[in-house]
Amino acid sequence: QVGIRINPSILAADFVNMQAELARIATADFVHVDVMDNHFVPNLTFGSQMVERIQATSPVPLDVHLMITNPDRWAPGYAELGAASVTFHLEAAKEPVALARRLREIGARAGVAVKPATPVDGLFDLLDDFDQILVMTVEPGFGGQSFMPETMPKLRRLADEARRRGSSVWLQVDGGIGESTIAQAAEAGADTFVAGSAVFGADDPANAITGLRASART
Ligand code: DX5
Ligand code: ZN
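Residues numbered from 1 in each chain as written. Chains lettered and ligands numbered in written order. Predicted model: local features only at pLDDT ≥ 70, side-chain atom pairs only at ≥ 80, totals over all residues.

Under an unreviewed UniProt entry, the name given to the chain is Ribulose-phosphate 3-epimerase, and the organism recorded is Microbacterium psychrotolerans. Heading Function (unreviewed entry) of the UniProt record for the chain holds this comment: "Catalyzes the reversible epimerization of D-ribulose 5-phosphate to D-xylulose 5-phosphate." Here is the UniProt Sequence similarities (unreviewed entry) comment for the chain, exactly as written: "Belongs to the ribulose-phosphate 3-epimerase family." (UniProt positions renumbered as here; feature names shortened; annotations may be inferred.)

So, in structure tokens, the structure goes:
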């Protein structure tokens, strides 16, 4: 691939030292911000007030991943506070295309995410409506889980379809991405990699980002 992006997930960061944690990933492409509502997923993180502070503090643009019900109602607010990209779950959205259009109008990249068991075939005709598609490589909700290789055929078909249609959509993977798994996701067609524990769990996050970038290119 030409463009490869490494987006550390602050879910694995120390929440009470957020400013210092953000400073450690200044060489990343985006910071991945996981919003969970304890309803769409069985975990709770934070909402727009916290994301607004992260936006004001982060050295890199924000890649917001909304694991919430009713994104039709809440996603535009994250675009309005300045997030570079806002990704909502296909399983949760009532009108995904209308919502994507709204996000773009506000000025954000529009993203749609699918859980490991959700088929992607319904997205083939919607590739132009989205700027990025997130194929979850774990069940959403928690960091530190194991990468699910069974999601790779789906990613590969999405990548083939995008290529066939001349689409420039970014294909993102999230969950269990690290030195031992990033190459297979890249080989299957991902170009944008979310990594939580592999980056924030490292002694030197900048070094971890460099290593992931290199491994994704091989
Ligand atoms: C999981 C989140 C991920 C999480 C990934 O629901 O969407 O972004 O932070 O964590 P790791 O990289 O540790 O699997
Ligand atoms: Zn995420």
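K.L.:
When you look at the overall build of the chain in this model, what are you seeing that I'm missing?
P.N.:
Across its full length, the chain holds eight helices and eight strands. Its C-alpha atoms give the chain a radius of gyration of 16 Å, within 12% of the compact-globule value 17 Å for 218 residues. With the principal axes as the frame, the chain shows a C-alpha extent of 40 × 40 × 30 Å. Out of the 218 residues belonging to the chain, those deemed buried represent 48%. In the chain, of all internal contacts separated by at least 6 residues, the share reaching a separation of at least 24 is 61%. (Helix = DSSP H or I, 4+ residues; strand = E, 2+ residues; numbered from the N terminus. Rg over C-alpha atoms; globule rule 2.2 N^0.38 Å. Buried ≥ 20, exposed ≤ 12 C-beta atoms within 10 Å, placed from the backbone. Contact = placed C-beta atoms within 7 Å.)

K.L.:
Please clarify how the pairing of strand 4 (residues 85-89) should be interpreted in this entry.
P.N.:
Side-chain direction in a regular strand flips from residue to residue, so the side chains alternate between the two faces of the sheet. Burial runs high along strand 4: five of the five residues are buried. Residues S85, T87 and H89 point to one face of strand 4 and V86 and F88 to the other, with burial holding for every one of them. For the crossover from strand 3 (residues 62-67) across helix 3 (residues 71-80) to strand 4, the handedness is right-handed. Once the chain exits strand 4 it traverses helix 4 (residues 96-106) before rejoining the sheet at strand 5 (residues 109-114), and the crossover so formed is right-handed. (Right-handed = clockwise from strand over helix to strand, strands pointing away.)

K.L.:
In this structure, what is going on with the sheet that holds strand 7 (residues 170-174)? I would like to understand it.
P.N.:
Either a parallel or an antiparallel arrangement is found when strands of a sheet pair, and the pairing is made through backbone hydrogen bonds. Taken together, eight strands build an open sheet; the order of strands is 1-8-7-6-5-4-3-2 and the sheet is parallel. Looking at which strands have only one partner, the edges of the open sheet turn out to be strand 1 (5-8) and strand 2 (31-36). Strand-to-strand twist in this sheet, taken as the mean axis angle between neighbours without regard to direction, amounts to 25°. The sheet contacts of helix 4 involve strand 4 and strand 5, and relative to strand 5 the element is tilted by about 145°. (Pairing = 2+ DSSP bridges. Axes fitted to C-alpha atoms, helices over the stretch in contact; angles between N-to-C directions.)

K.L.:
Help me out: how do you make sense of the environment of M18 in this one?
P.N.:
If you trace the backbone, M18 turns up in helix 1 (residues 18-23). Its 17 C-beta neighbours within 10 Å are what place M18 among the partly exposed residues. Each C-alpha atom, one on M18 and one on R53, is 9.5 Å from the other, the two residues being 35 residues apart in sequence. Leaving out residues up to four positions away in the same chain, M18 has contacts with A13, I54 and T57.

K.L.:
Explain the site of ligand 1 here, please?
P.N.:
If you check the shell around ligand 1, you find 22 residues, and the closest are S9, L11, G143, G196 and S197. Listed by contribution, the elements that provide at least two residues to the shell around ligand 1 are strand 2, strand 8 (192-195) and helix 7 (197-200). The class makeup of the residues in the shell around ligand 1 is nine nonpolar, 11 polar and two charged. (Near = placed C-beta within 6 Å. Nonpolar A, V, L, I, M, F, W, Y, C, P; charged D, E, K, R; others polar.)

K.L.:
Just checking my understanding: could you explain the UniProt feature "binding site: substrate" (unreviewed entry) in the chain for this structure?
P.N.:
Those residues carrying the UniProt feature "binding site: substrate" (unreviewed entry) are S9, H65, G141, F142, G143, G144, D174, G175, G176, G196 and S197 in this numbering. Tracing the sequence through the fold places G176 in the loop between strand 7 and helix 6 (182-188). Exposure remark for G176: the 25 C-beta atoms within 10 Å place this residue in the buried category. Other than its neighbours up to four places away in sequence, G176 contacts T137, V138, Q145, S146, F147 and T181.

K.L.:
Got a minute to help me understand the packing of helix 3 against helix 4 in this structure?
P.N.:
Each pair of packed helices can be described by the angle between their axes along with the distance between the axes. In the contact formed by helix 3 and helix 4, the axes pass within 9 Å of each other and the chain directions differ by 15°. With respect to their mutual orientation, helix 3 and helix 4 come out roughly parallel. In this structure, helix 3 crosses over helix 4, and the sense of that crossing is right-handed. Here P71, D72, A75, P76, A79 and E80 of helix 3 lie close against helix 4, whose contacting residues are L99, R102, L103 and I106. (Parallel < 35°, antiparallel > 145°, perpendicular 65-115°, else oblique. Left-handed = near helix turned anticlockwise from the far one by under 90°.)

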